[in-house]
Amino acid sequence: MTPPSSSRTSNDLRVVVLAGGLSHERDVSVRSGRRVADALRSTGVDVVVHDVDADLVPTLQELRPDVVWPLLHGATGEDGSVREILELLRLPYVGTGPRSSRVAWNKEIAKGVVAAAGIATPDSVTLQQDLFRELGAGSVMDAIVDRIGVPLVVKPSRGGSALGVSIVDRPGDLARALVASYAYGDTALVERAIVGTEVAVSIVETEAGPTALPAVEIVTDGPYDYDARYNPGRSQYFAPARLDGDVTERVATAAVTAFRALGLRHLGRVDLIVDDDGVPHFLETNVAPGMTETSLFPQAVLASGTTLAGVYRDVVERAARTV
Amino acid sequence: MTENLSPQPATSPTTASAAAAARAAAAGSGAAPAGTRLDPWFGSYADRAHGMRASEIRALFAVANRPEVVSLAGGMPYLKGLPLDTIAASVAELVATRGATALQYGSGQGDETLREQIIEVMRLEGVAAHPDDVVVTTGSQQALDLVTRIFVDPGDVVVAEAPSYVGALGVFRSYQAEVVHSPIDEHGIVPEILEETLTRLETAGKTVKLLYLIPNFHNPGGVSISLERRPRIVEIAQRHGVLVLEDNPYGLLGFDGETLPALQSYHPDGVVYLGSFSKTFAPGYRVGWAVAPHAVREKLVLASEAAILCPSNASQMAISTYLATCDWQGQVKQFRELYRERRDAMVGALAEHLPSASWTVPAGGFYTWVRLPEGLDAKAMLPRAVTARVAYVPGTAFYADGSGADHMRLSFCYPTPEQIREGVRRLAGVVSNELDLATIFGTGTADSPASQSRRSSPEDVEAPGPDLA
């Protein structure tokens with residue numbers, strides 16, 4: 001049994017974990033929610049897990065929880081809209097506020113903000129589906145390949161869990177990759193693929209400010225797609241990442257810089273790729289990182305030598321104090 | 001308890017060394033950190049487990065049970081018509097008066113009274129069998145598993161219709177069978193091509209063990225094998241020395257009340273017949289059965305005992321009571337009428353909203369099989385459909401070889417006629433968008449490079465779980 005993180009009396013803390021929603025990532029969210037709820041319960045917190053549905057607002061009004069933890073992935077969970085409602089209800093909640101969530105959720109805008117803070121990010125273009133209708137796909141795709149080069153990555157500008165993400169090695173495969181991305185949303189981000197070490201840096205706010213947990217390195221046979229993320233076995237994780245000391249430091253600093261620049265709060269995850277020269281490139285961030293049994297944030301917590309229950313508990317207490 | 005997120009196998013908390021190694025990996029202790037695959041037993045799985053992987057597609061079905069979504073994806077029968085009060089009373093009486101038997105282990109072959117009643121049920125489809133020929137199973141799904149288990153070695157061939165029931169393909173894959181599809185048309189599997197397929201496989205030196213067929217109101221095809229073809233198909237299988245596995249969960253759900261003779265009735269020694277109460281009564285009891293030639297039946301009983309000891313006595317006795325005391329045939333008739341109304345809603349809505357597609361018009365059962373306009377990929381389109389709050393199962397789920405992307409299965413068993421019409425209307429919007437996209441990107445023609453690279457990994461499980469509406 002993992003001991004409660006502290007001896008503080010907290011049995012009266014009531015937390016509503018929001019999980020589910022109607023996004024493509026509902027399944028992941030439901031699993032994340034159950035994991036976090038279990039960990040919090042083990043520290044004596046009274047936890048209710050609730051879906052985002054017509055009952056939610058009345059339930060929140062009735063329960064008046066001390067903290068709400070939105071563990072919604074994708075769409076309303078991460079684009080800020082549910083957080084807006086929590087603000088409206090004047091309920092303390094875990095994580096980033098609505099406006100910053102909206103910025104972080106849009107990969108293109110987030111990249112711009114992070115680049116302005118001095119962090120490298122791969123060259124990219126963002127393209128609406130409608131644009132291709134108006135300009136003709138052939139010429140636009142040629143221009144993309146000319147500018148970005150191959151290999152390149154195509155992903156929905158908004159969305160997570162690698163849904164709709166493809167790596168394109170040959171220009172002829174670009175059309176299919178764009179169609180796959182547009183299936184998940186009408187804006188696609190086409191990004192130069194950087195060869196290097198893929199790392200995820202989870203960040204938790206403490207008294208000392210945003211603190212990077214050990215970077216988790218991801219090695220997959222093939223792309224780190226949905227299959228590789230949620231079926232244990234295909235991916236190998238190294239926590240901490242196998243990076244030189246100064247590169248480790250650089251990665252942590254880049255992640256914390258991105259966290260601050262984007263105005264994230266309490267916790268988050270920053271995904272980076274470290275090129276052969278040891279330079280970290282910002283890919284995207286998650287205001288509601290996955291918390292499933294194969295997710296990166298929990299792995300980073302364990303690698304830091306602490307417990308999930310302890311960290312989740314601290315996050316909740318910090319959120320309860322945030323007004 | 002450690003956090004479940006740590007990479008320890010939950011089932012073997014006492015394997016200290018593996019657990020310690022996993023912990024060390026997770027904590028990154030030691031000079032050269034070992035990576036973790038989050039599954040310390042990754043290298044231990046049997047080959048047959050390698051195909052047991054959930055796909056991205058499967059995750060999309062998570063939203064389908066939400067009320068905002070019209071699910072045309074599931075296969076749950078509509079149970080609201082059942083006389084639940086009567087059933088509740090009879091189950092209460094069963095436990096009160098015969099509880100010591102109902103809650104006890106039962107016979108591996110199944111309850112004798114129920115087996116006698118099953119004979120009566122099957123008589124409606126021309127199956128003449130003895131109660132001793134019947135093996136009761138945990139749903140006919142378990143019978144599928146047992147038959148495959150006793151006949152199929154890795155690499156053996158199972159010939160199945162193209163398309164075929166996704167749950168059977170999963171069983172065949174788990175026994176490492178090679179599935180070869182043989183096409184169907186509106187009259188069911190095509191005898192001439194089946195003959196060619198079997199001959200070709202023989203010439204290639206393949207061992208064909210089973211011919212798996214869903215003769216009535218095919219899932220997902222929606223068609224039935226015609227009366228004229230039935231004896232021919234049985235004869236072809238017999239001539240090639242291939243056992244027929246006849247899966248018949250929907251046989252009594254013909255909308256005009258017509259039932260065609262079971263394949264089993266043409267050649268009882270050459271057919272294993274599978275039946276089920278899941279579609280005509282209630283799937284929650286998990287009671288199905290197999291009728292097999294006597295030597296096969298002996299092995300099925302032993303295989304079943306090895307797998308589950310015995311089917312649920314409580315379920316069997318509850319069903320037996322229902323058959324004996326309720327107007328079960330009247331209930332089946334009610335279901336038929338209900339499903340016919342929904343079928344009508346489905347094909348009517350397809351004609352109105354999706355004239356660019358083509359579909360089968362099933363005379364019974366739960367499903368219609370829709371061919372999308374040229375160049376569309378049902379699997380690639382599913383996320384867009386989910387965004388539009390409608391779900392279906394992409395055709396690729398019903399093939400063992402990754403084909404079928406140009407089709408989708410629409411079910412009309414669970415949603416109401418209004419929901420069906422609304423679902424098809426939403427689907428039409430999705431299809432129109434997708435066609436637009438295919439035109440823009442030139443992925444709409446079969447020989448475009450973009451469509452050639454389109455292939456489904458037959459390894460991944462793409463069907464929804466059984467509890468999907």
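The coordinates are above.
What you are looking at is a predicted structure, and each value in this text was computed from that prediction instead of being measured.

**Examining the overall build of chain A**
Of the regular secondary structure elements, chain A holds 13 helices and 13 strands. Radius of gyration (C-alpha) of chain A: 20 Å, near the 20 Å computed for a compact globule of 323 residues. Expressed along its principal axes, the backbone C-alpha trace of chain A runs to roughly 65 × 45 × 35 Å. The long-range fraction of contacts in chain A, counting pairs at least 24 apart against all pairs at least 6 apart in sequence, stands at 67%. By element, 51% of the accessible surface of chain A is carried by carbon and sulfur atoms, the whole surface being about 12,100 Å². In chain A, which carries 31 positive and 42 negative side-chain charges, the distance between the mean positions of the two groups comes to 4 Å.

**Digging into the sheet that holds strand β4 (residues 124-128) of chain A**
Residues and elements named next belong to chain A. An order of β4-β7-β5-β6 is seen for the four strands of this open sheet, with the pairing classed as antiparallel. Strands at the two margins of the open sheet, each flanked by one partner only, are β4 and β6 (166-168). Strand-to-strand twist of the sheet, defined as the mean angle between neighbouring strand axes without regard to direction, takes the value 25 degrees. Pairing of strand β5 (residues 152-156) with β6 involves three bridges; the strand directions are antiparallel. Residue L152 lies in a different strand from β6, and its bridge partner there is V168.

**Quick look at the interface of chain A and chain B**
Taken together, the contacts link 53 residues of chain A with 46 residues of chain B. Of the roughly 4,200 Å² buried between chain A and chain B on both sides combined, carbon and sulfur atoms contribute 58%. The largest per-residue losses of area from chain A upon contact with chain B belong to L22, H24 and R176 of chain A, which jointly make up 16% of the total buried on that side. Our enumeration of links across chain A and chain B arrives at two salt bridges. Across the pair D51 of chain A and R66 of chain B runs a salt bridge whose closest N-O atoms are separated by 2.9 Å. Scanning the region where chain A abuts chain B turns up 11 residue pairs in polar contact (both at pLDDT 80 or more). Mapped onto the side of chain A that touches chain B, the elements with two or more residues apiece are α1 (26-41), α7 (129-135), α8 (137-148), α9 (174-182), α10 (226-230), β11 (235-238), α12 (296-303) and α13 (308-321) of chain A. Residue contributions to the side of chain A that touches chain B peak at five residues, all from α9 of chain A. Along the lines of polarity and charge, the residues of the side of chain A that touches chain B split into 27 nonpolar, 14 polar and 12 charged.

**Concerning a nonpolar patch on the surface**
A contiguous nonpolar surface patch, about 260 Å² in accessible area, is contributed by V57, I85 and L88 of chain A. Relative to the assigned elements, I85 of chain A resides in helix α4 (residues 81-88).

How each quantity is defined
What you see as residue numbers is a count from 1 along each chain, following the sequence as written. By the order in which they are written, chains take letters starting at A while ligands take numbers starting at 1. For a predicted model such as this one, the threshold for reporting local features is a pLDDT of at least 70, and the threshold for listing and counting side-chain atom pairs is 80 or more; totals across whole chains, interfaces and linings nevertheless cover every residue. Side-chain measures were taken over the full set of non-hydrogen atoms in the model, leaving aside hydrogen atoms and water. Secondary structure follows DSSP: runs of H or I at least 4 residues long count as helices, runs of E at least 2 residues long count as strands, and numbering of each begins at the N terminus. For this measure, only C-alpha atoms enter the radius of gyration; the expected value for a globule follows 2.2 Å times N^0.38, where N is the number of residues. Any two residues whose heavy atoms approach within 4.5 Å at even a single point are treated as in contact. Computed with the Shrake-Rupley method and a 1.4 Å probe, the accessible areas treat only the protein chains shown as cover for residues. When charges are counted, Lys and Arg contribute as positive and Asp and Glu as negative, whereas His and the chain ends are disregarded. All charge positions are set by atom: Lys at NZ, Arg at CZ, Asp at CG, Glu at CD. A pair of strands is labelled paired if DSSP reports no fewer than 2 bridges between them. For every element, the axis is a line fit to its C-alpha atoms; helices are fit only across the contacting stretch, and the angle between N-to-C directions ranges from 0 to 180 degrees. When two parts are brought into contact, each loses some accessible area as probed by a 1.4 Å sphere; the total of that loss over both is the buried area. By definition here, a salt bridge exists when the distance from a side-chain nitrogen of Lys or Arg to a carboxyl oxygen of Asp or Glu is within 4 Å. Here a polar contact is taken to be a pair of N or O atoms separated by no more than 3.5 Å, where protein atoms must pair a possible hydrogen donor with a possible acceptor and residues adjacent in sequence count only if both atoms sit in side chains. Amino acids are sorted into nonpolar (Ala, Val, Leu, Ile, Met, Phe, Trp, Tyr, Cys and Pro), charged (Asp, Glu, Lys and Arg) and polar (every other residue, Gly among them). Two joining distances apply to patches: 9 Å for like charges and 5 Å for nonpolar side chains (Val, Leu, Ile, Met, Phe, Trp, Tyr), and every residue must have over 30% relative accessible area and no salt bridge.

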